[in-house]
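Report on the structure
Here's the letter readout for the chains.
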Amino acid sequence: MPDDNTLHIHRPHTLGLPAARQAAHQWAEKAQSKFDMQCTYAEGTADAGDTLHFSRPGMEGTLQVTGERFELQAELGFLFAAFKQRIAAEIEEQFDKLLGAQPAQRTA
């Protein structure tokens, strides 16, 4: 049974790591300005990829960034969990714009 407080979005792309990093930074800037998220970005190796940590009261998570995929995982607090589907749709729309439209893969 899926956890109502966990959001997981997997999005493949063909950008390569340098362009994916740029897209992730753009997403972080929007998350900071629009949703008052605190974001920290840690660059990793080409094999392991990068990790964007984001948080605000009621939500925290990570965005794993590689040359082939974005993988977002977030834990939602009680109030945000009630809007899980809407939050997921908003994030998927943002990823579509940043990465180019590809089929969304969402679990839980």
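What comes next is a walk through the structure. Keep in mind that this is a model prediction, so the values were computed, not measured.

1. Quick look at a negative patch on the surface
Where like charges cluster on the molecular surface, the negative patch consists of Asp3, Asp4, Glu60 and Glu75. Position of Glu60 among the secondary structure elements: in strand E4 (residues 59–65). Judged by relative accessible area, which is 52%, Glu60 ranks as exposed.

2. As for the packing of helix H1 (residues 17–35) against helix H3 (residues 84–99)
H3 packs onto H1 with a crossing angle of 140° between their chain directions and a minimal axis gap of 10 Å. If you check the angle between H1 and H3, you find them oblique. Viewed along their axes, H1 and H3 form a crossing whose handedness is right-handed. Counted together, Ala23, Gln26, Trp27, Lys30, Lys34 and Phe35 of H1 and Glu90, Ile91, Gln94, Phe95, Leu98 and Leu99 of H3 form the full contact between these two elements. Broken down by class, the residue content of the contact of H1 with H3 amounts to seven nonpolar, two polar and three charged.

3. Some points on the side chain of His13
Note that His13 resides in the loop between strand E1 (6–12) and H1. Looking at His13, the relative accessible area reads 4%, which means it is buried. In terms of polar contacts, His13 uses its side chain to reach the backbone amide nitrogen of Arg69, at 3.2 Å.

4. Remarks on unusual backbone geometry
The backbone phi angle of Asp36 is positive, close to 60°, even though this residue is not glycine. Relative to the helices and strands, Asp36 is located in the loop between H1 and strand E2 (38–42). Residue Asp36 is classed as exposed on the basis of its relative accessible area of 52%.

Calculation criteria
Residues numbered from 1 in each chain as written. Predicted model: local features only at pLDDT ≥ 70, side-chain atom pairs only at ≥ 80, totals over all residues. Heavy atoms only, no water. Patch = residues over 30% accessible without salt bridge, like charges linked within 9 Å, V, L, I, M, F, W, Y side chains within 5 Å. Areas by Shrake-Rupley, 256 points an atom, 1.4 Å probe, with all protein chains shown as cover. Salt bridge = Lys/Arg side-chain N within 4 Å of Asp/Glu carboxyl O. Lys, Arg positive; Asp, Glu negative; His and termini not counted. Charge placed at Lys NZ, Arg CZ, Asp CG, Glu CD. Helix = DSSP H or I, 4+ residues; strand = E, 2+ residues; numbered from the N terminus. Buried < 20%, exposed > 50% of the residue type's maximum accessible area, 1.4 Å probe, protein only. Axes fitted to C-alpha atoms, helices over the stretch in contact; angles between N-to-C directions. Parallel < 35°, antiparallel > 145°, perpendicular 65-115°, else oblique. Left-handed = near helix turned anticlockwise from the far one by under 90°. Contact = heavy atoms within 4.5 Å. Nonpolar A, V, L, I, M, F, W, Y, C, P; charged D, E, K, R; others polar. Polar contact = N/O pair within 3.5 Å; in protein donor to acceptor, adjacent residues only side chain to side chain.

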